[in-house]
Amino acid sequence: MKNTKGEKIFYFFNYIFLALLGVTTLFPFLNVLAKSLSSEKAVISGKVSVYPIGLQFGTYKYVFTNDQFLNSLKVSIFITVVGTLVALAITVFTAYPLSKPHLKGRKTILLMYIFIMLFSGGLVPHYLLMREFHLLNTVWSLIIPAMVSVYNMLIIKNFFESVPESLEEAARIDGTSNFGVLFRILLPIAKPVLATIGLFYAVTYWNAFFEAMMYVSKPELKPLQLYLYELIKQSQKPILDVDAALNLNSESLQSATIIASTAPILVVYPFLQKYFVKGIIVGSVKG
Amino acid sequence: MSTNTKIKKQNNWTYFKKNYEFYLLLLPGLLFIALFKFLPMGGLVIAFKDFNIFDGILASPWVGLEHFKAVFSDEYFFQVFRNTLLISTYKIAFTFPLPIIVAILLNEVKNMTFKKNIQTVIYLPHFLSWVIVQGLFVTILGSTGIVNQILEPFISEPIRFYMDKSLFRSILVGTSAWKEVGWGTIVYLAAITGIDPQLYEAAVVDGANKWKQIIHITIPSITSTIVLMFILRLGYVLEAGFSQVIVMYNSTVYEVADIIGTYVYRTGLGQMNFSYGTAVGIFNSVVAFVLVISGNLMCKKALGKSIW
Amino acid sequence: MKFKKSMKRMVSMLAVLSLSATMFVGCGSDTKGNDDNSKTENNETKKEEKVTLKHLGAFSEFDPNTDPVAEALKEKTGYDVEYFMLPAENAIEKLSLEISGGTSYDSIKMNSPEYNLLTAQGALMPLDDLIDQYGPNIKKAIGEDSWNAAKVDGKIYGIPEKNSADNINLSIGVREDVLAELGLEVPKTIDEFYNALKTIKEETDMIPLALSSDYIFIPTIQSAFGIETNWKEIDGNLVSKVEQPGFKDYVDFMVKLYEEGLIDPDMPVNNKGNSMEKFTNGTAAMKVMAWWDAPKAIPALEENVPGAKVAYIQPLIGKDGQQGIMKDRGISWYTAIPKTAKNAEEAIKWIDAKFAEDTFKYFTIGEEGVHHTVQDGKYFPVLPTFFDERNRSSWYLSGIDETNYPIYWAARVRKDENMSNAYDEFMKAQSVASFEPLGFAPALEDLAKYEKSLATLVNDSVLNFIAGEGNTEGFDEFVQKWNTSGGQASTQAANGWYNTSK
């Protein structure tokens, strides 16, 4: 075995380096997680690093019974579920025809989509549009902006193009319509890609907060990320009134809210990791 | 009407009858982009007007290039533009090479479980929103946070990372790296796995050690991927990470952290300076557009591939 | 087989069409909101029915809907009000978005920059007629100067809320016991002050004057150089502090103090917190203090240094007899009604009701005997009731009764003996105090534009003279820079307004 001493050292340091990388990535989570489970006193005096001191679960109890948190959670779930379904549908419906080289007008339509990927009206016109359509302070203002991702559409289009023609030919001989080909032949094969893209959309919707910041002022419509954002901003403001320091968000409470908001992703993520990875590869390493 | 056009018309009609389903499927998407992507572009006219939101677009008077002149004579705008370029450049310089290096290192790992676990861990931050990331780092970098705790014996008073003008850009770059480096390795890893193993075998026979193998085989083979990713990245230089900045910045650090996007938000919407904000936005979009198109052209020339 | 196929086609087509339809669902409909645009007609006829008003105010850390003051107001005015708050950060942006989005608040309490922004956009309702018709109490309570300050193009768009009282806020606290030991009296002139500092330095190992880099403009000392306010009228024109004749002398004096070690050498890195600490733990002999610092500082000092006593230095008298200090005057808030409000009339009526004499007293300082007591025309709080039930009343103000409120307000100061004492001492300088000439000016654009950056420039430059260079050789250059960085524009703007308002 020609594992030279040099190589052994290399492997050794490689493992150390990558392990450190992993630790650095994990550390912020562990720190915040620990803080969320620690007593406020320990947190303020800066004693907490990666494990809880003065273990308590009161913070989580507060978080999960907090009306605003639960309401924002509901809003986020709604827009993620509805948004993903609608977005996925439209994306697929658009990708399929555009994957047919014979389609008349294909080039033009494709160009239009690419154009909007590069050039946009900008923040102000979009805001004014939402206002004109009376969509401000509605849940649709949170769903519509992310509804069509050209990038995702191109990935699916690519996938459809890679499906062997023979499959379609066989179906057509049986008399299947164009719709039929889509729904009965292509979609079933596309399940992994659909899962990936669906998950991409879901993550986009779940994490969105800026649209809410711009378009929504009603507390009942605040999605989770916006709620969290305001929580954090509030705690950053230097406390001028000592009386104020007594009430509202303690650091451990804030930490618990952060962990609670991340929980869905953390839980779902390990299972779906391979889908994400595949999606990126399909999308970027083309040709 | 000549016979040729008649036949063409008939062919078109038959084509449409046969393939109407496709057009039907395209309909929702097209409607969407017509209403929500193209229509707002019409709103760009307000950059040439003195827009008042209560009077509406039509009633607002024309002012020609007045707002654009204001943009280019505004000292602060140039500061903002400078910030955008600087932050983007720092980010590219620091976070572009990292995924490549990590991918190469990861590839060398023989223990599959270790490799998979590390990958799972480092991909994760990409899926968190910037709000969450900010939440995590604001506690760590706070006055009583762990970083200041560790530094305590060496400094006289806690470092206020978020309020310090000289440190803030580094915070932006650092947290951006934390979030995206892991995810960025995927593309390179995929490219590396595509390398023909025979190349390595030949090298080993020639007596090349690990280091030489990496330099002479791995890196050259993924060069085209690297170049592609780099050019792509350049096209988005003006983005500089809007979601990140708007979550993380505060008035103390506006001077160094304000980028075009946040500036447009604050002045365009926040100060109700709609026309001005739109003018800045147009400038931004035009420059970005040019950059991406040139990026793509360079790509075509260099590698024969187009982004789309 | 063919039948099934056409069925499938139908279903697919329907799916696509309904998806297109979802596009239009969004337009014009409010799935999760309640937009009642059709109510306006009915409001006119139902004058007796009290609508629920919506009021938006600045951020504060409490819940305005459950506070006892809200209840007290409801009790006396009979109006049901839903209270909202702007966020702590980026409030003006949030406000802008609300306004642009067509908000339906009936009244909004805003600060000066916000008021200027919204009047410039034409977002607010002119209130002159409404106040004439429904606001007799409002008119009685607020003076003409205040109304003028709120006028934009001759019309009133917001009810001005003047500062609570013409307060003198700052002085220098000095260890009277230390002075006594050294055979010194509390300094009255600038020379006595300098002498005291020098003696303390030579005879004790205390830091004569504790100071932090964010408080280098000390009113008590500036007084001896003729500097009292940011702007001063000299020969009919307003001159900024930077260009006032005594300013360089002041800076020279501070440089001298620092060079001779009479100011805490750590000054550049101190902040308010730790410089106060040095005073309360007995390390420093003198410290700039606000009267609201007293409740915490004095007890801390007394605990750390038994026998310590604090006296307050009156504005120091200069070599040519100059003496002066600033007292508060200005418009703190404007209460305005957006054009899109649904219940403007009712809102003014509600505000007017709040100004009814007994209501006003009731919600600001409560009932005599329960929340407060009166002694020699001075109001004293009954603890803890006063603070449990009336602590937040200032948030609910839509303007003050300019005659009575300063007297009522003083009760807050009386809650703590040390604070009450400090306050009374500071106020002894009333006779030599003057108002900021721009106190009643609307926020002028150029002033607002350069305000922050100029303040930073001045602070950093003076700090540099004191702790960096150790001399004022670069002073003229600094004034020039100030001028070109917006100082001149600010001066022009200030005088532009000043000349028209005389």
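Looking only at helices and strands, chain C has 21 helices and 17 strands in total. By the burial criterion, 53% of the 502 residues in chain C qualify as buried. For chain C, the share of sequence-separated contacts (at least 6 apart) that also reach a separation of at least 24 residues comes to 77%. Carbon together with sulfur atoms contributes 48% to the accessible area of chain C, which is approximately 22,800 Å² in total.

Let us look at the sheet that holds strand 7 (residues 170–175) of chain C. Residues and elements named next belong to chain C. Here we have four strands laid out as an open sheet, ordered 8-11-7-12, and mixed in their pairing. Looking at strand neighbours, the two that pair on one side only are strand 8 (207–210) and strand 12 (310–313), the edges of this open sheet. For this sheet, the mean inter-axis angle between neighbouring strands, taken without regard to orientation, is 25°. Packed onto the sheet, helix 10 (residues 190–203) meets strand 7, strand 8, strand 11 (284–290) and strand 12 and runs at close to 140° relative to strand 11. Where helix 19 (residues 417–427) meets the sheet, its contacts fall on strand 7, strand 11 and strand 12, and the angle it forms with strand 12 comes to roughly 25°.

Attention shifts here to unusual backbone geometry. The peptide bond linking Leu383 of chain C to Pro384 of chain C adopts the cis configuration, its omega dihedral lying at 0°. Considering the arrangement of structural elements, one finds Pro384 of chain C in the loop between strand 16 (378–381) and helix 17 (385–390). Phi at Met272 of chain B takes a positive value of approximately 55°, unusual for a residue other than glycine. Assessed through its relative accessible area of 1%, Met272 of chain B is described here as buried. In this structure, Asp153 of chain C is a non-glycine residue whose phi angle is positive, near 55°.

Another aspect to go through is the sheet that holds strand 2 (residues 80–85) of chain C. All names here are of chain C. Here five strands make up an open sheet; going across it, the order is 2-1-3-14-6 and the pairing mixed. At either margin of the open sheet sits one strand with a lone partner, and together these are strand 2 and strand 6 (158–162). Between one strand and the next, the sheet's axes are offset by a mean angle of 20°, whatever the strand orientation. As defined by bridge partners, strand 6 adjoins strand 14 (residues 331–336) across five bridges and the pair is classed as antiparallel.

Think of interface size as the accessible area that goes away when the parts come together; that is how it is often given. All names here are of chain A. Split into domains, chain A comes out as domain 1 (1–56) and domain 2 (60–283). The C-alpha centroid of domain 2 is placed 32 Å from the C-alpha centroid of domain 1. The interface of domain 1 with domain 2 comprises ten residues on the first partner and ten residues on the second. Approximately 780 Å² of surface area, both sides summed, lies buried where domain 1 meets domain 2, with 66% of it carried by carbon and sulfur atoms. On the domain 1 side of the interface with domain 2, the three residues burying the most area are Val32, Ser36 and Glu40, jointly 50% of the side's total. Between the two partners, domain 1 and domain 2, sit zero salt bridges. At the surface where domain 1 touches domain 2, the tally comes to one residue pair in polar contact (both at pLDDT 80 or more). Elements with a contribution of two residues or more to the side of domain 1 that touches domain 2: helix 1 (5–36) and helix 2 (40–44). Residue contributions to the side of domain 1 that touches domain 2 peak at five residues, all from helix 1.

Our next topic: the interface of chain A and chain B. Counting from both sides, the interface comprises 94 residues of chain A and, opposite them, 89 residues of chain B. Buried surface at the junction of chain A and chain B, summed over both partners, amounts to about 8,600 Å²; 77% is from carbon and sulfur atoms. Along the contact surface separating chain A from chain B lie zero salt bridges. Contributing elements (two or more residues each) for the side of chain A that touches chain B: helix 1, helix 4 (67–98), helix 5 (106–118), helix 6 (123–132), helix 10 (178–207), helix 11 (210–215), helix 12 (224–236) and helix 14 (251–284) of chain A. Here the side of chain A that touches chain B takes 19 residues from helix 1 of chain A, the largest share from any one element.

With that out of the way, let us pick up the packing of helix 9 (residues 197–205) of chain B against helix 10 (residues 210–235) of chain B. Residue and element names in this part refer to chain B. At a minimum axis separation of 11 Å, helix 9 and helix 10 run at an interaxial angle of 150°. Considering the angle they form, helix 9 stands roughly antiparallel to helix 10. The two elements helix 9 and helix 10 cross, and the hand of that crossing is right-handed. Each of Leu199, Tyr200, Ala203 and Val204 in helix 9 lies in contact with helix 10, whose residues at this interface are Gln213, Ile217 and Thr218. Along the lines of polarity and charge, the residues of the contact of helix 9 with helix 10 split into five nonpolar, two polar and no charged.

Take the packing of aromatic side chains next. In this structure the tally under the stated criterion is 67 aromatic pairs over all chains. Seen from their ring centres, Phe29 of chain A and Trp178 of chain B are 6.1 Å apart, and the 45° between their planes marks the pair as tilted. Here the residue Phe29 of chain A occupies a position in helix 1, and Trp178 of chain B occupies one in helix 8 (residues 165–193), the pair thus bridging two chains. Under the relative-accessibility criterion, Phe29 of chain A is labelled buried at 9%. Taken together, a centroid distance of 5.8 Å and an interplanar angle of 85° make the contact between Phe360 of chain C and Phe363 of chain C edge-to-face. Of this pair, Phe360 of chain C and Phe363 of chain C both sit in helix 16 (residues 357–365), three residues apart, roughly one helical turn. Judged by relative accessible area, Phe360 of chain C falls into the buried class, the value being 2%.

Turning to the side chain of Ser213 of chain C, a few remarks are in order. Residues and elements named next belong to chain C. Looking at the secondary structure, you find Ser213 in the loop between strand 8 and helix 11 (219–222). Within the structure, the side chain of Ser213 is placed 3.5 Å from the backbone oxygen of Pro268, a separation counted as a polar contact. Dropping the residues within four chain positions of it, Ser213 is found in contact with Met267, Pro268, Asn270, Asn459 and Leu463.

Conventions and cut-offs
- Residues numbered from 1 in each chain as written.
- Chains lettered and ligands numbered in written order.
- Predicted model: local features only at pLDDT ≥ 70, side-chain atom pairs only at ≥ 80, totals over all residues.
- Heavy atoms only, no water.
- Helix = DSSP H or I, 4+ residues; strand = E, 2+ residues; numbered from the N terminus.
- Buried < 20%, exposed > 50% of the residue type's maximum accessible area, 1.4 Å probe, protein only.
- Contact = heavy atoms within 4.5 Å.
- Areas by Shrake-Rupley, 256 points an atom, 1.4 Å probe, with all protein chains shown as cover.
- Pairing = 2+ DSSP bridges.
- Axes fitted to C-alpha atoms, helices over the stretch in contact; angles between N-to-C directions.
- Domains from an automatic or database assignment.
- Buried area = accessible area lost by both parts, 1.4 Å probe.
- Salt bridge = Lys/Arg side-chain N within 4 Å of Asp/Glu carboxyl O.
- Polar contact = N/O pair within 3.5 Å; in protein donor to acceptor, adjacent residues only side chain to side chain.
- Parallel < 35°, antiparallel > 145°, perpendicular 65-115°, else oblique.
- Left-handed = near helix turned anticlockwise from the far one by under 90°.
- Nonpolar A, V, L, I, M, F, W, Y, C, P; charged D, E, K, R; others polar.
- Phe/Tyr/Trp six-rings, centres within 6.5 Å; stacked < 30°, edge-to-face > 60°.

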